Amino acid sequence: MSPNPETGGAKQDVAPSEPTRSGALALIRNVFVKVGVLPFFLVAAVVIFALLSSSFLTMQNMVNVARQSVFLVLVSMGQMVVLISGGFDLSVGTAIALTSVVSALGMVWLAGVFPDAIWLAIVLGACMGFGAALLVGLVNGIGVAYFEVSPFIMTLGVSSVGAGIALFLTGGVPVSGMPFVFADTLGFGRLWGIPAPVLVAIVFIVIMWVLMTQTRLGTQIYAVGGNIKAAHLSAINTKRTLLMCYLICAFIASVTGLLLTARVESGEANLGASIALESIAACVIAGVSLRGGIGSVLSVVLGAFFIVLVQNGMNLAQISSYMQMVLLGALLILAVIFDQFRYRLILSGG
Amino acid sequence: MSPNPETGGAKQDVAPSEPTRSGALALIRNVFVKVGVLPFFLVAAVVIFALLSSSFLTMQNMVNVARQSVFLVLVSMGQMVVLISGGFDLSVGTAIALTSVVSALGMVWLAGVFPDAIWLAIVLGACMGFGAALLVGLVNGIGVAYFEVSPFIMTLGVSSVGAGIALFLTGGVPVSGMPFVFADTLGFGRLWGIPAPVLVAIVFIVIMWVLMTQTRLGTQIYAVGGNIKAAHLSAINTKRTLLMCYLICAFIASVTGLLLTARVESGEANLGASIALESIAACVIAGVSLRGGIGSVLSVVLGAFFIVLVQNGMNLAQISSYMQMVLLGALLILAVIFDQFRYRLILSGG
Amino acid sequence: MDSWFPYPAQQVTPPFSADGEVSDVSYEALESASQPWNICVSFPHMKDAYWLGVNYGVADEAERLGVNLNLVEAGGYTELTTQISQLEDCVAGGAQAVAIGAISGDGLNNVIAEIAAQGIPVIDLVNGVSSEDITAKALVSFYTMGAETGRYLAEQHPAGSDPVQVGWFPGPAGAGWVEAAHQGFMEAVEGSAIEVLEPRYGDTGREVQLSLVEDVLQANPDVRYLAGTAVTAEAAQGLIRERGLVGEVELLSFYMTPGVYTGIQRGFILAAPADSMVIQGRMAIDQAVRALEGEDLISHVGPQIFVVDPDNINDVPRENILPPDGFSPVFSVEN
Amino acid sequence: MSSAAQPLISLEKLTKRYPGVVALNAVDFDLQAGEVHVLFGENGAGKSTLISLLAGANNPSGGTMSLDGQPLHFTSVADAQDKGIYTVFQEFSLLPTLTVAQNIFMGWEPLIGPFLDHKTMRRRSKEMLAELGFDIDPNVTVASLSRAQQQMVEITKAFHGDLKVLILDEPTASLTDKEVDHLFDFVLSLKQRGVGVIYISHRIQEFARIADRITVLRDGAKIGTVAMNETDEAALVEMMTGRAIDEIYPKIDNLEGETLLEVENLSTDGVHGASFTVRAGEVLGVAGLVGSGKSRLFRALMGLMPHAHGTVRLKGQDISKAPTAAIIRAGMYYLSSDRKNEGLDLAKRSDQNLAVNLIMGDKVPNRSAFVDRKAVSAEVLTILDHVELSEGYRRKVVSQLSGGNQQKVLFGRCFGQHADVYIFDEPTVGVDMGTRAALYLLIKELCEAGKAIIVISSDLPEVMNLSHRLLVLAHGAVTAELAGEDMREDVVLKYFFDESGAQS
Ligand SMILES: Nc1ncnc2c1ncn2[C@@H]1O[C@H](COP(=O)(O)OP(=O)(O)OP(=O)(O)O)[C@@H](O)[C@H]1O
Ligand SMILES: Nc1ncnc2c1ncn2[C@@H]1O[C@H](COP(=O)(O)OP(=O)(O)OP(=O)(O)O)[C@@H](O)[C@H]1O
Ligand SMILES: [Mg+2]
Ligand SMILES: [Mg+2]
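**Some remarks on the interface of chain B and chain A**
With 51 residues of chain B at the interface, the matching set in chain A holds 51 residues. Interface area for chain B against chain A, summed over the two sides, is near 4300 Å², with a carbon-plus-sulfur share of 75%. Taken together, chain B and chain A are joined by zero salt bridges. Inspection of the region where chain B meets chain A yields six residue pairs in polar contact (both at pLDDT 80 or more). Secondary-structure elements contributing two or more residues to the side of chain B that touches chain A are helix 6 (151-170), helix 10 (228-232), helix 11 (238-264), helix 12 (275-285) and helix 14 (321-347) of chain B. Of the residues forming the side of chain B that touches chain A, the biggest block, 13 residues, is contributed by helix 6 of chain B.

Now the structure itself:
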């Protein structure tokens, strides 16, 4: 039977049936059906890159990959929330840039005002950054939920406005002179040998997992994305739920912005320019549906990590950057094709 | 009645009821309900910019605006076709870049081979460019229609692959040395005082209007985007239809690429970098639904024209670049809010 | 092949200071490296002829000296985080020295400090960073380039002469080199008869710059000069011809590309300062090898800037200021 | 029922306007505690509109509502639920991507601290489903259920402990007798507990079993309220339509023409070895319980199910491997039971929906790539007349039509092209009696014109009255093929429960 649009719909949690044949092949097939293609891709990538470059599997590089992936992992989780609600957030990059610029300006200014209370300056400055990003989320949320503007245009518009403001605030010049201790702690600090940004990411992964699977709000977000009319009829405050999604996404982007600012030790208006598309891509290859209602935190973390890992591996393997573009594009497509294939296996009672 | 998700759905062609009150206000209201907010925004923009800058309403500037808008208008029409089919095309920029690079390389090479048949070299070179772009469309279409890959990832991936190839072909250096007559004709030529690109755009507007409203293929595209399963049950070859959409979009992008190449007189791998999002924005403010099935050619033309007109006006009014970003973003949002408002008016029997 | 050195250069003392003393020197490079060092070079992007020129410089110099080269590019001036990751990856991949064409003047300081702390020499290439931890700088600042361009104009229209309008197109808003060039340009024309119009920021894509130019011509019919990125100048040539404004509106670019070079040759572009990006690339590799081998090095140096205009264009050695025709990017050199 | 008691709910001059229509025109209505009050009326009469106001899903344009004498103003469905008013919606309120258990507990999830108690949720929903006699696994996603099964979940969702008023909008539209019996038992037990029930249905024969009073609506206005024991079906129908309908099932001649469709050993997921034939000029009925595989058998035949095997011959030509579009062009037409997901383009107008089929089909000569708009429009009008869709609805967006009127549009799509075999999957779900009679006449016309007709329905009287032969399915297998005298309800029911021992 030729594939037909029937099977093109949303993914479903159909439990795979018992293994019908024995052997390793059947095992692989079962694992594939259960967890999807990303783990396989990850393993394959690790093996290939380890063969291509001896420095790939070193401790130092693993720490690098972990730290590099933090930003995309975080933003992708926020993006996921919005995507599950049936929306889109193209303004995550702007939220990052605004956080960076505002918190840097804030810290520099406050450090001048309270030279003896550096930590106070840092915390207040960070809060100003959060405030700016939450404002972005609030405007997005109000537009989408209450004015029913298409999320695409709403977040694109806000992103343009926000970028203009960030550039205006700095005149395009990076804001430097932030307290050293800020970068030393959030950017380079380590606890039990683990870089601080990685710790922050782990905390957020746990929080987001709990939020999406163990709380009412999580269920409501899935519900609103699944079918907003039905959610409305199911006594869900759809507007409030949508607003929450954009706020959550902006907040996570803001945390990312702060971590990035600590990492680069300056407030930059150009941070995060391409992260919106990248985070959506990470979500989609992790099986999040752009029509809403479907997606899981752990897959998204894996999806984002996979993208960063592949970029790292290709850099180490000294693959030319034009070739990297070709390979990465092809990999994204391949991942989704395999996922589609898995879905067919499930449908056929794999 | 409080707004509720019921009304949040797609836009609909509900015929407005009779005017219930007299006077100019009622007339405006009726026109607004009938044709949407874009014409009003356009008029407002023209008036404001004419006041702000004396050179805005000159003949020469109008010709400028017409010519500048050609590119976005064309690409937006192609994007519209894909959006109506329920998809997304993020690779229009890459199709443009590939066309530019390939046709320029082709023309330069062929002009060397047939120095006496320059027009042959130009036509063959252009065909090579079309071929490259159609390949992009074909891959997109096959991925989306036959492998059921999410259009977002498919076109994003293809866009990355294509950009890599375009850069690889040129090393990022513009391809110069194209036959002068090519640029003189397609880029700067005029017929009856109208710039050649504008003529091409007009021809395509007519073709696209006929395609979408008068042909079976058009009907099929709307049907597939409206409800792909229902279309499947109406004996529509949904896969072929989807494939056609991506081919059409790539072809129009390719024509745009050729016009741009003539305009800038060189083959550039950087052309069209931001046009994917811009064209989607133009479509959305023109009322095209990102969920598919809804959209009209003439509104999209208006939407794209509006964006370009505003950019031109702001440039003439010497509005600073940062401020322009803020204003344009706000305008996009406003346009969609008004459109939503119009939809409510229609619903409330306006 | 003739060796490229000695090359007229300018040294800044004390090194790395913004307002240090500039003195002319003659730059001498090593004949060859003692062993095939692994050198990593990081670019903001590899999408235009300017960076292709630098690419040519570093690749050819690595070849000549007999060292290994790995080149990474971040994909654009908005990709600061990518550049940081790439630098980390370079070091993890075994680079013994790195040369950086920085995206941000401040944003890379941390990663540079980390790299330097591992004893790896860091060379600041072309764009300039504010870090104290670098080993050497091989660059001509874009501030100077902007200033050279401004000075060229200011000299022709000194204070007191008839005021003239200049349209100014610095490039994408927020990029470090753009802001530097902008600052240099504005300071150089200050006090002269030059009136600079509202700067028109925009991506260095041709169609974007073309629209900006069209709009400025429209809004300011009296404009006399258009100065800006190379893309601006290249894109504007056709427009000026089409409008019949040749001779009435002159074009300037604040850096050199093959297109600008041809434009100057044909007389469509008035002038552009040459920063010899090929030589900057060569110097960076030479400095890296010197640092690795413990040789003396001039820690803050750049090729001498000169303004190319139709008068001198035929005397300028093209291979020093532009990539050769037909050169395609080299991402890795193995020796 | 004593009229002296204060009504549980009373509506006065309740009005709801939509653009161009007054969906509800100053309707008075009251509901007593422990009463089942039926709302009855043609498609588009305003029944669903009335209950949407009571359910908090919509705001009235005028009039007042009160509960226990207290005025009611809802801002949301949650509001109404807080006051004990729960609704089973005609257009379901289910979230397709969530599990059955999550759907049932949507909004009142059991918590441990701030966190969801998934275990209790699963256990309780299993119990609730069992209580209502619905055989559904609470852990599967709603999207994977058939329409009838979704209906069951929708019903289960409304049964809360603190129920005061229960509103049921066509809950039995896709159910078979077995589930209906359970549901009615349950409604009667609620009634005993003093819950007020508003019940909407087009199945008039159900009223005698549960109704106390019946209110009839027509064109948004109230025609009257009558006590069940003082009226009969004929009177109700006349109140509803304004005219008498004597016989809704027509007598269809059996032409016994040549064999058009031969199915041999067709199997797919949930269908095992089905074999049967259909001849030109006859109506083949298909009956079976919810989930027995009625739909899947014919979906497989249309090429809509993955991994189907067996042979299907249409007019002697093997079509078992052909894609759906080719099967349709070869002369088969399938009317889906799921009008929302695969039947209609909800965002388009009724006439636009019909035009698609005409443009794709061969009824209107669309010779070149261009569409003959005039011919198509003319044909659309004819079809709309056929299915009795009133003028006012023809240029309306389908999502704004009442459920029954949507079904009419869907039915109209089958006249878009010529076909030899028509498969109607639940063709009259939610359609009022008058229109059903008209649709049956259309089926009769098709059949007597020599077409082969297959009617799949969970409404047993419907299939038994229309068909010449009846195929009974149980657990995915054909358990009986009945004709003539054997087509009796008791015989059919026997095979429903798989007495032949077909594999499952
Ligand atoms: N959202 C809406 N927008 C506009 N008109 C609507 C909307 N919803 C319903 N209507 C109109 O209101 C009227 C009453 O519809 P309603 O759904 O209440 O009918 P009903 O009695 O439930 O019919 P059925 O038996 O077919 O379900 C119809 O004319 C319908 O077209
Ligand atoms: N489109 C579908 N995709 C996946 N599973 C489906 C689909 N439609 C039905 N099912 C499954 O098939 C079973 C019902 O089969 P089918 O629809 O053939 O039964 P039916 O006899 O027509 O019953 P109903 O009265 O529920 O329509 C259900 O268990 C349901 O989960
Ligand atoms: Mg109804
Ligand atoms: Mg069924």
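**Thoughts on the relation of the copies chain B and chain A**
Least-squares fitting of chain B to chain A yields an RMSD of 0.2 Å, with the superposition described by an axial translation of 0.0 Å and a rotation of 180°. Taken together, the rotation and translation relating the two chain copies correspond to the operation of a two-fold axis. Within chain B, B:Arg291 has its C-alpha nearest the rotation axis, a separation of 4.1 Å. Looking at chain B, 100% of its interface residues are interface residues in chain A too, so the copies touch through the same face.

**Observations regarding the site of ligand 2**
Residues and elements named next belong to chain D. Around ligand 2 there are 14 residues in total, and Ser-144, Ser-146, Gly-291, Ser-295 and Arg-296 lie nearest to it. At 2.6 Å, a backbone N or O of Ser-144 approaches an oxygen atom of ligand 2. One of the backbone nitrogen or oxygen atoms of Leu-289 is found 3.5 Å away from an oxygen atom of ligand 2. The set of elements that each furnish at least two residues to the shell around ligand 2 consists of helix 5 (147-157) and helix 9 (294-301). By residue number, the principal contributor to the shell around ligand 2 is helix 9, which donates three residues. Split by domain, the shell around ligand 2 shows at least three residues from each of two domains, domain 1 (9-246) and domain 2 (248-331 + 421-443 + 452-504).

**Considering the interface of chain C and chain B**
Listed per partner, the contact involves 29 residues of chain C and 34 residues of chain B. Both faces combined, the contact of chain C with chain B buries some 2700 Å², and carbon together with sulfur accounts for 44% of it. Among the ionic pairs, B:Glu265 bridges to C:Arg241, the shortest N-O distance being 2.7 Å. Across the chain C-chain B interface, the total number found is 16 residue pairs in polar contact (both at pLDDT 80 or more). For the side of chain C that touches chain B, the secondary-structure elements that each account for two or more residues are helix 1 (49-65), helix 6 (206-219) and helix 7 (230-243) of chain C. Here the side of chain C that touches chain B takes nine residues from helix 6 of chain C, the largest share from any one element.

About the criteria used
Residues numbered from 1 in each chain as written. Chains lettered and ligands numbered in written order. Predicted model: local features only at pLDDT ≥ 70, side-chain atom pairs only at ≥ 80, totals over all residues. Heavy atoms only, no water. Contact = heavy atoms within 4.5 Å. Buried area = accessible area lost by both parts, 1.4 Å probe. Salt bridge = Lys/Arg side-chain N within 4 Å of Asp/Glu carboxyl O. Polar contact = N/O pair within 3.5 Å; in protein donor to acceptor, adjacent residues only side chain to side chain. Helix = DSSP H or I, 4+ residues; strand = E, 2+ residues; numbered from the N terminus. Least-squares fit on C-alpha atoms with pLDDT ≥ 70 in both. Near = heavy atom within 4 Å. Domains from an automatic or database assignment.

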